[in-house]
Amino acid sequence: MFKHYNMNQVVLPLDLEVKLEKNDIAYTVNDLVEQIPDEAFSQFSRKTGCPSYHPKMMMKIILCAYTQSTFSGRKIEALVKDSVRMMWLAQGYEPSYRTINRFRVDPEVKELIRQCFVQFRCQLIQNKLIEEEAIFIDGTKIEANANKFTFVWRKATEKFSTSLIEKSNQMYDELLEDEIIPGIERESSDELSIEELSAIENQLDEKVQVYDQEIEENDDGQERKRLRSERKKPKQYRKQFQDFIRRKLKYQLDMKIFGDRNSYSKTDHDATFMRMKDDYMMNGQLKPAYNVQLATEGQFALAYDVFPNPTDTRTLRPFLNYIEDNFFELPNFIVADAGYGSEANYSDIIENRALTPLITYNQYRKEKQRKYKNDPFNTHNWEYDEEQDCFICPNNQRLTFRYLSNRTDRYGFTRSFKVYECEDCSGCPLRSMCTKAKEGNNRRILYNQKWEQQKEYTRKKLSEEKTGEIYGKRKIDVEPVFGFLKANLGFTRMSVRGKAKVKNELGFAFMAVNLRKYAAMNSGHNGYYNINPAKNGANHLKLMIGAISNYCRLVMSQPLLFACNISDRLGMKPHLLVVANCFEF
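Source: prediction; values computed, not measured.

## Some remarks on the overall build of the chain
At step 1: Each helix and strand counted, the chain has 21 helices and 13 strands in total.
At step 2: Out of the 585 residues in the chain, the part that is buried amounts to 42%.
At step 3: Of the contacts made within the chain by residues no fewer than 6 positions apart, 66% connect residues no fewer than 24 positions apart.
At step 4: In the structure as shown, the chain presents an accessible area of about 34800 Å², 49% of it carried by carbon and sulfur atoms.

## Section: the side chain of E367
At step 1: Inspection of the secondary structure puts E367 in the loop between strand 8 (356-359) and helix 12 (370-373).
At step 2: Reaching out from E367, the side chain makes a polar contact with the side chain of Y361 at a distance of 2.7 Å.
At step 3: Here R459 takes part through its side chain, which lies 3.0 Å from a polar atom of the side chain of E367.
At step 4: Setting aside its immediate chain neighbours within four residues, E367 contacts Y361, Y372, K373, K455 and R459.

## Looking at the packing of helix 2 (residues 55-67) against helix 18 (residues 499-522)
At step 1: Axis separation between helix 2 and helix 18 bottoms out at 8 Å; the angle between their running directions is 70 degrees. Accordingly, the angle class assigned to the pair helix 2 and helix 18 is roughly perpendicular. The hand of the helix 2/helix 18 crossing is right-handed. When helix 2 is examined against helix 18, the residues M59, I62, L63, Y66 and T67 are found in contact with a partner set consisting of E505, F508, A509, M511, A512, L515 and R516.

## Quick notes on the side chain of S168
At step 1: Residue position: S168 is located in helix 7 (residues 154-177).
At step 2: Overall, S168 belongs to the buried group, its relative accessible area being 1%.
At step 3: If near-sequence neighbours (up to four positions away) are discounted, S168 is found in contact with L192, L197, F241 and F244.

## Some details on helix 5 (residues 97-104)
At step 1: Those residues of helix 5 that fall on the buried side of the exposure criterion are Y97, I100, F103 and R104. Within helix 5, the buried residues cover an arc of 130 degrees as seen down the axis, which keeps them to one side.
At step 2: Turning to helix 5, the residues buried within the fold contact helix 2, helix 3 (73-82), helix 6 (109-126) and helix 18.

## As for the sheet that holds strand 10 (residues 390-392)
At step 1: Spatially, 9-10-11-12-13 is the arrangement adopted by the five strands of the open sheet, whose pairing is antiparallel. Strand pairing shows two members of the sheet lacking a second neighbour, strand 9 (383-385) and strand 13 (444-447), which therefore form its edges. Neighbour-to-neighbour, the strand axes of this sheet turn through a mean angle of 35 degrees, independent of strand direction.
At step 2: In this sheet, strand 12 (residues 414-422) lies alongside strand 11 (residues 398-408) in antiparallel orientation, the contact comprising nine bridges.

## Description of the packing of aromatic side chains
At step 1: Within the structure shown, the criterion is met by 24 aromatic pairs.
At step 2: For the ring pair Y66 and F508, a centre distance of 5.8 Å and an interplane angle of 35 degrees mean the geometry is tilted. Residue Y66 is located in helix 2, and its partner F508 is located in helix 18; the two are separated by 442 residues in the primary sequence. When sorted by exposure, Y66 lands in the same class as F508, which is buried.
At step 3: The interplanar angle of 50 degrees and the centroid separation of 5.8 Å between the aromatic rings of W153 and F273 together place this pair among those described as tilted. Residue W153 is found in strand 2 (residues 151-153), and its partner F273 is found in strand 4 (residues 272-275); the two are separated by 120 residues along the sequence.
At step 4: You can call W153 partly exposed: its relative accessible area is 32%.
At step 5: Pairwise contacts between aromatic rings join F117, Y304, Y322, F327 and F510 into one cluster.
At step 6: The ring centre of Y97 lies 4.0 Å from the NZ or CZ of R74, which sits over that ring.

## With respect to the pairing of strand 1 (residues 134-143)
At step 1: For strand 1, the buried fraction is high: nine of the 10 residues fall into the buried class.
At step 2: Taken together, the eight bridges between strand 1 and strand 5 (residues 286-297) define a ladder with antiparallel strand orientation. Bridge pairing in strand 5 places I137 opposite A295.

## Quick notes on the nonpolar core
At step 1: I137, L506 and F510 are the most contacted members of the largest nonpolar core, which has 100 residues in total.
At step 2: Looking at which element gives the most residues to this core, the answer is helix 18, with 11 residues.
At step 3: Non-local contacts of I137, meaning those with residues more than four positions away in its chain, are made with Q293, L294, A295, L316, F319, L320, I334, V335, A336, D337 and Y340.
At step 4: Counting 16 residues, the second-largest nonpolar core is a separate cluster that includes Y172, I181, I200 and I245.

## Topic: the environment of K207
At step 1: Secondary-structure assignment places K207 in helix 8 (residues 194-217).
At step 2: A C-alpha to C-alpha distance of 7.1 Å links K207 and P234, two positions 27 residues apart in sequence.
At step 3: With sequence-adjacent residues up to four places away left out, K207 is seen in contact with I180 and P234.

## Considering the packing of helix 1 (residues 25-34) against helix 2
At step 1: The N-to-C vectors of helix 1 and helix 2 enclose an angle of 140 degrees; their axes lie 10 Å apart at closest approach. One element, helix 1, and the other, helix 2, form an angle in the oblique class. Every pair of crossing elements has a handedness; the one defined by helix 1 and helix 2 is right-handed. Residues I25, V29, N30, V33 and E34 of helix 1 pack against K56, M59, K60, L63, C64 and T67 of helix 2.
At step 2: Taken together, the residues that form the contact of helix 1 with helix 2 break down as six nonpolar, two polar and three charged.

## Describing the confidence of the model for the chain
At step 1: In this model, the chain carries a mean pLDDT of 85, and residues with pLDDT of at least 70 account for 87%.
At step 2: Contacts of residues 526-545 to residues separated by more than four positions or lying in other chains number 17 contacts, the stretch itself having pLDDT below 50.
At step 3: In the model, residues 557-585 has pLDDT below 50 throughout and makes 13 contacts with residues more than four positions away in sequence or in other chains.

## Re the pairing of strand 8
At step 1: Of the two faces of strand 8, the one holding T356 and L358 and the one holding P357 and I359 are both buried throughout.
At step 2: In this view, the connection linking strand 7 (residues 333-336) to its parallel neighbour strand 8 by way of helix 11 (residues 343-352) has right-handed handedness.

## So, unusual backbone geometry
At step 1: Positive phi, normally seen in glycine, also occurs at K128, with a value near 55 degrees.
At step 2: Mapping K128 onto the fold places it in the loop between helix 6 and strand 1.

## Section: the pattern of salt bridges
At step 1: Scanning the entire structure with this criterion turns up 35 salt bridges.
At step 2: One salt bridge connects E230 with R226, and the closest N-O pair in it is separated by 2.5 Å. Of this pair, E230 and R226 both sit in helix 9 (residues 221-258), separated by four residues, roughly a single helical turn.
At step 3: Salt-bridge contacts for K450 lead to E351; the nearest nitrogen and oxygen are separated by 3.3 Å. Separated by 99 residues along the polypeptide, K450 in helix 14 (residues 449-463) and E351 in helix 11 bring together distant segments of the chain.
At step 4: Look at the salt bridges and you will find they share partners, linking E367, E452, K455, E456 and R459 into a network.

Rules of the game
Residues numbered from 1 in each chain as written. Predicted model: local features only at pLDDT ≥ 70, side-chain atom pairs only at ≥ 80, totals over all residues. Heavy atoms only, no water. Helix = DSSP H or I, 4+ residues; strand = E, 2+ residues; numbered from the N terminus. Buried < 20%, exposed > 50% of the residue type's maximum accessible area, 1.4 Å probe, protein only. Contact = heavy atoms within 4.5 Å. Areas by Shrake-Rupley, 256 points an atom, 1.4 Å probe, with all protein chains shown as cover. Polar contact = N/O pair within 3.5 Å; in protein donor to acceptor, adjacent residues only side chain to side chain. Axes fitted to C-alpha atoms, helices over the stretch in contact; angles between N-to-C directions. Parallel < 35°, antiparallel > 145°, perpendicular 65-115°, else oblique. Left-handed = near helix turned anticlockwise from the far one by under 90°. Arc of directions from axis to C-beta. Pairing = 2+ DSSP bridges. Phe/Tyr/Trp six-rings, centres within 6.5 Å; stacked < 30°, edge-to-face > 60°. Lys NZ or Arg CZ within 6 Å of the ring centre and 35° of its normal. Core = buried A, V, L, I, M, F, W, Y, C linked by side-chain atoms within 4.5 Å. Nonpolar A, V, L, I, M, F, W, Y, C, P; charged D, E, K, R; others polar. pLDDT = per-residue confidence, 0-100. Right-handed = clockwise from strand over helix to strand, strands pointing away. Salt bridge = Lys/Arg side-chain N within 4 Å of Asp/Glu carboxyl O.

Set out below in structure tokens:
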């Protein structure tokens, strides 16, 4: 007997909500978007043209699609037509992939995404899922939607630009020497500007046109041949200066695109070439990528930003400013790994923000090693005479204070070093192991007093029980978010180009991570996915009892065979031997 099934019978449409499970992620997406203030959607309103889809509906279907690891506009369009939860969120509308793609890269969507993160954090605080005690910051590199070998390097551009300047100056001097064109007024004798190159090219063009006219008017074959020969040189110079103008414009545009970077991609000008962990050629090949900075707490993404820097050190200060301006007030503890440990970052957090940095530095773990502490040639282990302000080397020579050195990096940050120098290193038997200075030069020490104080502050804070416990949560707080984003959600490469569009897409991706975790917690699951008790050892008692039972069965089966062989030798009956073994077990 089968249940009634007839494809030719009309079925009345029902509310799709009844088909969703109780804790479906669509409800979580719907509740989050509905919390966004209506004022944030008013900027999408238009008084002319065809009425557009409501931005609430567009936000819901894109967020829901990203939670299902669907990032393509065409696949999202197909999902709206196939998925019950997407049909419910869209309420019967079916926007095309063009509409979806245009919406998610719209500059005004940036404010909606920011509101999503703000409202989601408020929801976490109300449910007491985060403590607002600390934020955990880390960065990862995500490959850009750009071709792999479309790199443009600053060093090569500067080299070619310098060569162009030298060649253009040389050719201009040759033109004046051969009296092909008259001289022009120059702003600088070092370099010909675009306007000056254009003026030279115009003069050469006029010279060539004069020769052309003379050749046409002259009927003498020998004279025409001579004129063509004289015209050849100006034509060649004109072609060279046309090429100079084109290349100079290109180099100027390249330098403008570079900004503070050393490279960019031709297909995505905002992407920078970085060394990625995923090296498909196994030769350290660089890929166009973005450095994504993330702030988390409780394994929830609370704020994010995108930077072109290949390293994390110089991203911390602008990222903290961005968090304060757009997301929330910074908590008391700023937790990050050794990649952020620098004098500039410590000074900014402690002095300017009056917060506590729980950030290690590069040598933090190495300083704890026995080899580091027992190295006699390590200057940190040398004796310091505070009265005379000098260090004493392993050969009992004094390195006295000589002068104060201030060094300013290219980003404008100044560091102060006290320079200590040995009185005389000549004839020292330990010289080869102590210094690599050339013969005639003495051993020097550059001592940054402020940096050493900051390192001592960091060691003290991390040795305390409370702050040490907070720092210990870093790896289990921010790292799982990146792992879930790339491994579980499958978001390993951008779908759009340009920094502004990339920030929008990353906002959808990180919010999808948050929504999946939050929905899993509400449905009773622990974390991002269902836990397998046997795999994770959660049901260990059941496994132990089963193992013991199998072992008992094995032991009970052995004495009968064993007893038959040795009963005569021991003078015991087999069943007594079985009982003895059972008691022994």
